[in-house]
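# What the coordinates show
Here's the letter readout for the chains.
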Amino acid sequence: MALYILLAFLLFLFALDLMTSSLQHIGRNVAETILMATANPFTGLFIGLLITAMLQSSSTTTSLVVALVASGSITLQNATPIIMGANVGTTITSTIVSLGFINKRKEFRRAVAAGTYHDFFNILTVIVLFPLEYYYGFLSSLAAWISNLFITPSVVPVESRVTQFWFGFSPVINFLIEKIPSAFFLTTVALILLFASILAFRKLISNLLKAQSPEVFSRFFFKSQLKSFSWGLLTTAAIRSSTITTSVVVPIVAKKVVKLSQAAPFIMGANIGTTITAFIAALLNSNTSSTLSIAIVHFLFNFIGVLMFFPVPVLRKLPVGLANSMGKLTLKYRLAGFVYLLTTFFFLPFSLIFLNQDSIQTLNIVYEQVDENRKSFYTLVAKFNTRTQSGEWTKYPDTSGNIDAVPSLIYPISVRNNTLFVGKEMFLFNRPGFCWDGENVTGKFQSCIESILPSINISDYKFDSVYVCRVVYTNPIDSVVHKYYVSAPLKIYLKHEVLTSENDTKVVEKLIQFETR
């Protein structure tokens, strides 16, 4: 049994490694589709919910999200709502299990209450945390801060993000990528292997613990609130699936082995235990802070939910009360359970997506660079959520006119208090003469707002409200003065000039093509 468990675990690591590597080579068109889909937080929330509801495994979804973040397909900010959605989507299984008691009137009400408790717990947590993430980036910022305590953050090329957890996989994965040119096919195979490994691991551990038999879960497991919570955490961490542990609770409550109030802490513990999968997946790419951050996001979401509804008796009764009310309603109107499923997992998310479909601004920009009289080009896809004031810049190499390529850099951006953050650098939209200090890979520098232009024409395009920023490095190696022209409405830079010691002004980078989508 131990050997089979080890093999299932190695299959999981291999599948995740293959997925990360194949996603890195999936090509711009597919990658941009993913970026577009997840740019809207409501869309990301629904994607996580729908995928998890279909696969009935939040472990698979979170592992996939970690791989996407590691490969550079999506940023931490865009991945966070998907994690939230996955936590709601995984609850559909226990609800479906509860509807299986529809022909047993005495047990049906208790079964539905137990099945929907997990729903209401995660839905209430989303109701509290999603607005905080949507408007302030609460979870992603907190997770990034925690991960930065362990890993030094840096904006690095996407190609250098992927590293094998065990280099024994490297020859096999490199061989597959070389012999099978279709990255989409490899990604599909990796997803199937990932799902299969989780199912195999789950079944092996379940058989070992005899988790498929409700009788095994005697009153011993629910003797106290803390003991119930601990067993939920440990059992789910071992099985790596809250779907099983929460679904097993349904018949236990339905058969009156324990009360729902006793089983509730077990379900909360299961929510914490299931986060171990994301941490295992993050170990594959532990050299970047974003992959660790998304695993921390998953933990923080569930941990904060527990902090809200476990210690305080009044709040603890809220999801229990809602679940019991749903049980009574479903007992009275048998179709209510099915209406609830359709509304919660399909109608409501689609409605939210429709109402927020116009909040994303997408710009395609081509820049020209001049270095020692040689010209080169690159494309920047700038996506910005006008409501959350956050988004990302995705840079694609473009030296031959062909932009169907893997992104070379991804910069998360956000605007707070008239300050534009690009990665770890910032730009202040302030009055002329205002200065601030900064530091990047070149060295320490001082930035000052030199002037604010009402409008400027660049490459036959007119831009309003342009801030001209003067940057001087204290490092004597870079003695030139830099000037950056930044569009305040669009949150993009338009031109980069340098002023040499001979007082010659030279344009080293400028926008040459601009398109709004």
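Residues numbered from 1 in each chain as written. Predicted model: local features only at pLDDT ≥ 70, side-chain atom pairs only at ≥ 80, totals over all residues. Heavy atoms only, no water.

### Some thoughts on the overall build of the chain
Scanning the chain from terminus to terminus reveals 17 helices and 12 strands. For the chain, with 517 residues in total, the buried portion stands at 54%. Considering only contacts in the chain between residues 6 or more positions apart, those separated by 24 or more positions represent 67%. As displayed, the chain offers around 23,100 Å² of accessible surface, 64% of which is attributable to carbon and sulfur atoms. (Helix = DSSP H or I, 4+ residues; strand = E, 2+ residues; numbered from the N terminus. Buried < 20%, exposed > 50% of the residue type's maximum accessible area, 1.4 Å probe, protein only. Contact = heavy atoms within 4.5 Å. Areas by Shrake-Rupley, 256 points an atom, 1.4 Å probe, with all protein chains shown as cover.)

### What to know about the environment of Ile294
One can find Ile294 in helix 15 (residues 289-309). Residues Ile294 and Leu139 lie 155 residues apart in sequence; the distance between their C-alpha atoms is 9.4 Å. Residues in contact with Ile294, not counting those within four places in the same chain, are Val65, Val66, Val69, Leu76, Ala79, Thr80 and Ile83.

### Details of the pattern of salt bridges
For the structure on display, the rule yields 4 salt bridges. Salt-bridge contacts for Arg470 lead to Glu450; the nearest nitrogen and oxygen are separated by 3.4 Å. A residue pair is termed long-range when its members are at least 10 positions apart, and Arg470 in strand 9 (residues 461-473) and Glu450 in strand 8 (residues 444-458) qualify at 20 residues. Between Lys483 and Glu450 there is a salt bridge, with its nearest N and O atoms 3.0 Å apart. Placement of the pair is Lys483 in strand 10 (residues 481-487) and Glu450 in strand 8, with a sequence separation of 33 residues. Exposure remark for Glu450: the relative accessible area of 33% places this residue in the partly exposed category. Here the salt bridges do not stand alone but share partners, grouping Glu450, Arg470 and Lys483 into one network. (Salt bridge = Lys/Arg side-chain N within 4 Å of Asp/Glu carboxyl O.)

### Some points on the state of the cysteines
Under the definition given, this model contains 1 disulfide. Linked covalently through their sulfurs, Cys435 and Cys448 form a disulfide whose S-S length is 2.0 Å. What sets the handedness of the Cys435 and Cys448 disulfide is the S-S torsion sign, and at about 110° it is right-handed. Placement of Cys435 in strand 7 (residues 435-439) and of Cys448 in strand 8 is noted, with a sequence separation of 13 residues between them. Judged by its relative accessible area of 33%, Cys435 falls in the partly exposed class. Residue classification places Cys448 among the buried residues on the basis of a relative accessible area of 16%. (Disulfide = S-S within 2.5 Å.)

### Here we look at the sheet that holds strand 7
A sheet is described by the order of its strands in space; here 12 strands give the open sequence 6-5-4-3-2-1-12-11-10-9-8-7, paired in antiparallel fashion. Two strands close off the open sheet at either side, each with one partner strand: strand 6 (425-428) and strand 7. Between one strand axis and the next, the sheet turns through 25° on average, direction left out of account. For strand 8 and strand 9, the ladder comprises 12 bridges, and the chain directions are antiparallel. Bridge assignment links Asn457 to a residue of strand 9, and that residue is Lys462. (Pairing = 2+ DSSP bridges. Axes fitted to C-alpha atoms, helices over the stretch in contact; angles between N-to-C directions.)

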